[in-house]
Amino acid sequence: MSATATEPQPTEPPSRVLRAAFRAFAAIERVGNKLPNPFWLFWILAGVVIVLSAILAAAGVSTVHPGTHDTIEVQSLLSKAGLTMMVEGAVENFATFPPLATILIVGFGISVAQASGLFTALLRRMVARVPGKYLTFALSMTAMVAHVAGDAAYVTLIPLGALIFRAAGRSPVLGCIVAYVSISAGYDASPSLTTTDVLLSSISTAAAHTIDPGYVVTPVANYFFGLASSVLVALVITVVVEKVISKRSDLAPDEPVKALSTEEAEAIALTPEQRRALRTTGLTALGFIAALAVAMTPANSPLRGEHGSLVESPVISGMPVVLFLFFSLLGWVYGRMTGTFRAAGDLVDALVEGTRSFAPILVLFFAISQFLAYFKWTNIGNVIAIEGAETLKEMRLSGWAVLVGIAVLITFMNLVITSGSALWALAAPVLVPMLMLIGIEPETTQAVYRVADSVTNCVTPMSPYFAMCLAFVQQHKKSAGIGTLASFTIPIAAVVWIAWVLFFVAWYLLGIPFGVS
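Thresholds applied
- Residues numbered from 1 in each chain as written.
- Predicted model: local features only at pLDDT ≥ 70, side-chain atom pairs only at ≥ 80, totals over all residues.
- Heavy atoms only, no water.
- Helix = DSSP H or I, 4+ residues; strand = E, 2+ residues; numbered from the N terminus.
- Buried < 20%, exposed > 50% of the residue type's maximum accessible area, 1.4 Å probe, protein only.
- 1 Å grid on protein atoms, 1.4 Å probe; cavity = no way out; pocket = protein on both sides within 12 Å on 5 of 7 lines; lining within 4 Å.
- Points joined across faces, edges and corners; volume = space filled by probe spheres on them.
- Nonpolar A, V, L, I, M, F, W, Y, C, P; charged D, E, K, R; others polar.
- Axes fitted to C-alpha atoms, helices over the stretch in contact; angles between N-to-C directions.
- Left-handed = near helix turned anticlockwise from the far one by under 90°.
- Contact = heavy atoms within 4.5 Å.
- Phe/Tyr/Trp six-rings, centres within 6.5 Å; stacked < 30°, edge-to-face > 60°.

1. Regarding unusual backbone geometry
Alright, step 1. A positive phi angle, near 75°, is found at Asn 379, a position not held by glycine.
Alright, step 2. As for its placement among the helices and strands, Asn 379 is situated in the loop between α17 (359-378) and α18 (380-395).
Alright, step 3. For Asn 379, a relative accessible area of 15% puts it in the buried group.
Alright, step 4. The residue Arg 396 is not glycine, and still its phi comes out positive at about 55°.
Alright, step 5. Note on placement: Arg 396 falls in the loop between α18 and α19 (399-414).

2. Quick word on the layout of surface pockets
Alright, step 1. In this structure, the second largest pocket spans a volume of roughly 860 Å³.
Alright, step 2. Lining the second largest pocket are 31 residues, and of these Leu 193, Phe 288, Ile 289, Leu 323 and Phe 326 sit closest to its centre.
Alright, step 3. Elements supplying a minimum of two residues to the lining of the second largest pocket: α6 (118-128), α13 (272-296), α14 (314-317) and α15 (319-338).
Alright, step 4. By residue number, the principal contributor to the lining of the second largest pocket is α13, which donates ten residues.
Alright, step 5. Of the residues assigned to the lining of the second largest pocket, the class counts are 28 nonpolar, three polar and no charged.

3. A closer look at the packing of helix α7 (residues 135-146) against helix α11 (residues 223-243)
Each pair of packed helices gets described by two things: the angle between the helix axes and the distance between those axes.
Alright, step 1. Packing of α7 against α11 brings their axes to within 9 Å, and their N-to-C directions diverge by 145°. Of the two elements, α7 crosses α11, and the hand of that crossing is right-handed. Listed contacts from α11 to Thr 136, Phe 137, Ser 140, Met 141 and Met 144 of α7 are Ser 230, Val 231, Val 233, Ala 234, Leu 235, Ile 237, Thr 238, Val 241 and Glu 242.
Alright, step 2. For the contact of α7 with α11, the residue count by class is nine nonpolar, four polar and one charged.

4. As for the environment of Pro 491
Alright, step 1. Looking at the secondary structure, you find Pro 491 in helix α23 (residues 482-510).
Alright, step 2. Judged by its relative accessible area of 25%, Pro 491 is partly exposed.
Alright, step 3. Sequence separation between Pro 491 and Val 240 is 251 residues, and the spatial gap between their C-alpha atoms is 8.2 Å.

5. Quick word on the packing of aromatic side chains
Alright, step 1. Under the definition given, this model contains 23 aromatic pairs.
Alright, step 2. A centroid spacing of 6.2 Å and a plane angle of 50° characterise the contact between Tyr 154 and Tyr 180, whose relative ring orientation is tilted. Of this pair, Tyr 154 sits in helix α8 (residues 152-167) while Tyr 180 sits in helix α9 (residues 172-185), placing them 26 residues apart in sequence.
Alright, step 3. The exposure class of Tyr 180 is buried, given its relative accessible area of 0%.
Alright, step 4. Measuring from centroid to centroid gives 5.4 Å for Phe 225 and Phe 514, while their planes differ by 65°, and the two rings are edge-to-face. Taken together, the residues span a long stretch of sequence, with Phe 225 in helix α11 and Phe 514 in the segment after α23 at a distance of 289 residues. In this structure, Phe 225 and Phe 514 share a single accessibility class: buried.
Alright, step 5. Following the ring pairs from residue to residue traces out a cluster consisting of Phe 225, Phe 503, Phe 504, Trp 507, Tyr 508 and Phe 514.

Worth remembering: the numbers are spatial, not functional.
Right, here's the structure in full:
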């Protein structure tokens, strides 16, 4: 994809609400552009913690742990002990950062599947032969599945969405919008486990240890909710698009929709070889799952936990390794059958190439790990969590009201800090222990975070994928600008946010488990 020659300009819609939203987003963009790179942002925050810890320690700030009744005092990082921790503990802080190893291990497997061409073929297969009346839902649901491919889903599915809609005689602009909104607004909803599950659960576990050192948030802790949410979000997007967005006259591309060329049709269709490879890969996936289920069936299976527990089993605690093996196996089978992998060395090359894509994450994780270590050592997080919990108890708010308030807070924060892992690393050390103290489990806090962290992804000008989607749209409608795209994404995001938050509240009030915990 190449950038357009001219800088996209906002277009003013007739709606007062949208005009006000555009002005707000323009302000957010100006503020966001002044923020440093997340790497430097966390070092700045670390500096704030250093200074604040010294001030609070000198003032004798402390609190009492409600469980142990121990006095917790703020410790100064400018003390001898604090300086020693920062210097001597830097390597350990990074090496023991919970998401570091897990994201790498799962990412290795996904790299193999991605390099083999499996994900691209699967996405094409899912939408290639769908009847026209189901096309929007099929594309949206395919985007939910595509979350397993991470950010690669944007590059693959947005142009594919345009082609699929063109093939059905509909506006390719609408195809781009449906694909983009479905990937971004529903980013934390998926019918399958993704790297996000592993990443967020690791951060949540570390945050929960403030209150309960033995607490574990598993990668499948939100699986049931994520699976149901993926269907809900796809349905909501489909209804809004078909009932409202598709009726707009400004969806028409610059040129009338024409039949696909031979080259474009081939970009959608799969070869007989690819179809055979997909079938075999699907059978392999079923075989892997069946073998794992059979191995865990005996009560004395070594893959079960203490007293035959399934939840506390090596499979759940070692889920990153299971996912690595699963995706590597499927990628290898598909790659061998299609010829993208011809020798064992090709698999190693895929792992190496995938590792390169993790470089920005590793750099960011170094800064985050130091900030969190400082924050934890000073006890500032403990004091905020305990005092915040006491305040919430005094306010006598219902649990669902507290959670909705957090959803609103995270939603606005996500407009500026678009990295889900960075935002959760910032929020979890306070929110998770604070809500644990008023009886709300970390799995629940993580679930509401995922709702709020997802929806505004498709409207924030700080997201690099907003510009990417705009560039794809401009291939079909050159006059489209930031305002054009935002005028489509804002209404969809607003309805998805309301529907998803209400769905979360209903789930919470009914006491349905969010996943396996």
